[in-house]
Amino acid sequence: MAEANDWNAQIIAEFRANAGKVGGNFAGAPMVLVHHRGRKSGREYVNPMMYLADDTDTNTIYVFASKAGAPSNPDWYYNLTSAGATTIERGAETYQVGIRELTGTERDQVFAEQARRYPGFAEYETKAAGIRTIPVLALQRS
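All values reported here derive from a predicted model rather than from experimental measurement.

**Quick word on the pattern of salt bridges**
Counted according to the given criterion, the structure contains nine salt bridges. Taking the shortest distance from any N to any O, the salt bridge between Asp-55 and Arg-117 comes out at 3.7 Å. One end of the pair, Asp-55, is in the loop between strand 3 (52-53) and strand 4 (60-64); the other, Arg-117, is in helix 3 (residues 104-117), and 62 residues separate them in sequence. The class for Asp-55 is exposed, based on a relative accessible area of 67%. Linking Arg-141 and Glu-93 is a salt bridge whose minimum nitrogen-to-oxygen distance equals 3.3 Å.

**Side note on the environment of Gly-120**
Its place among the elements puts Gly-120 in helix 4 (residues 120-128). Separated by 51 residues in sequence, Gly-120 and Gly-69 place their C-alpha atoms 9.6 Å apart.

**A short note on the pairing of strand 6 (residues 93-101)**
As judged from the six bridges shared by strand 5 (residues 85-90) and strand 6, these two strands associate in the antiparallel manner. The partner of Ile-88 across the bridge, within strand 6, is Tyr-95. Taking the residues between adjacent antiparallel strands as the criterion, strand 5 and strand 6 are bridged by two residues, where Gly-91 takes a positive phi near 65°. Sheet analysis places strand 6 next to strand 7 (residues 136-141), joined by five bridges and oriented antiparallel. When the sheet's bridge partners are listed, Gly-98 is paired in strand 7 with Gln-140.

**Description of the packing of helix 3 against helix 4**
One can describe the packing of helix 3 onto helix 4 by two numbers: an axis separation of 7 Å at closest approach and a directional angle of 125°. Relative to helix 4, helix 3 is oriented oblique. Two secondary-structure elements touch here, helix 3 through Arg-107, Phe-111, Gln-114 and Ala-115 and helix 4 through Phe-121, Ala-122 and Glu-125. Within the contact of helix 3 with helix 4, the residues separate by chemical class into four nonpolar, one polar and two charged.

**Overview of the side chain of Asn-79**
Tracing the sequence through the fold places Asn-79 in helix 2 (residues 75-83). Relative accessible area serves as the criterion here: at 5%, Asn-79 is assigned to the buried category. Among the polar contacts made by the side chain of Asn-79, one reaches the side chain of Arg-39 at a distance of 2.8 Å. Sequence-distant contacts of Asn-79, that is, excluding residues within four places in its chain, are made with His-36, Arg-37, Gly-38, Arg-39 and Tyr-45.

**A look at the sheet that holds strand 1 (residues 31-37)**
The strand order across the open sheet built from seven strands is 2-1-5-6-7-4-3, with neighbouring strands paired in antiparallel fashion. Looking along the sheet, the strands with just one partner apiece sit at the ends: strand 2 (44-50) and strand 3. Summarising the sheet, strand 4 and strand 7 pair through five bridges and their orientation is antiparallel. Following the sheet pairing, Tyr-62 is matched in strand 7 by Ala-138. Seen against the sheet, helix 2 touches strand 1, strand 2, strand 4, strand 5, strand 6 and strand 7 and runs at an angle of roughly 70° to strand 1.

Thresholds applied
Residues numbered from 1 in each chain as written. Predicted model: local features only at pLDDT ≥ 70, side-chain atom pairs only at ≥ 80, totals over all residues. Heavy atoms only, no water. Salt bridge = Lys/Arg side-chain N within 4 Å of Asp/Glu carboxyl O. Helix = DSSP H or I, 4+ residues; strand = E, 2+ residues; numbered from the N terminus. Buried < 20%, exposed > 50% of the residue type's maximum accessible area, 1.4 Å probe, protein only. Pairing = 2+ DSSP bridges. Axes fitted to C-alpha atoms, helices over the stretch in contact; angles between N-to-C directions. Parallel < 35°, antiparallel > 145°, perpendicular 65-115°, else oblique. Contact = heavy atoms within 4.5 Å. Nonpolar A, V, L, I, M, F, W, Y, C, P; charged D, E, K, R; others polar. Polar contact = N/O pair within 3.5 Å; in protein donor to acceptor, adjacent residues only side chain to side chain.

As far as function goes, none of this settles anything; it's purely spatial.
Dropping the structure here:
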């Protein structure tokens, strides 16, 4: 777990130093920092995530609880869905968002678009197939 925390800390520092831009594996990808509080621990967390901007609503972005196709959802997913709202850093802005989980056709269409743009997400879906459906959350500026 310490390795993941160090890796996240490096991405967060780079994101903040460059108004939301990062290099390495995420060069050119849209990134957001999502703040959340542990639903059990009460600790504050920040996770860097790739996102997909809504094509018609500039106040909405989508994040994907892929966990690289692991058999379980990431902890941040449970923290966000239980909270219903949070703060994000997008580019040089920090603002509040409401959280809504997408289901059915809406979820499938948004995930398919992310997988089309970033084929790694298609690989994650294949790894998780038959075990879980990767959740998609809409984060809408409040």
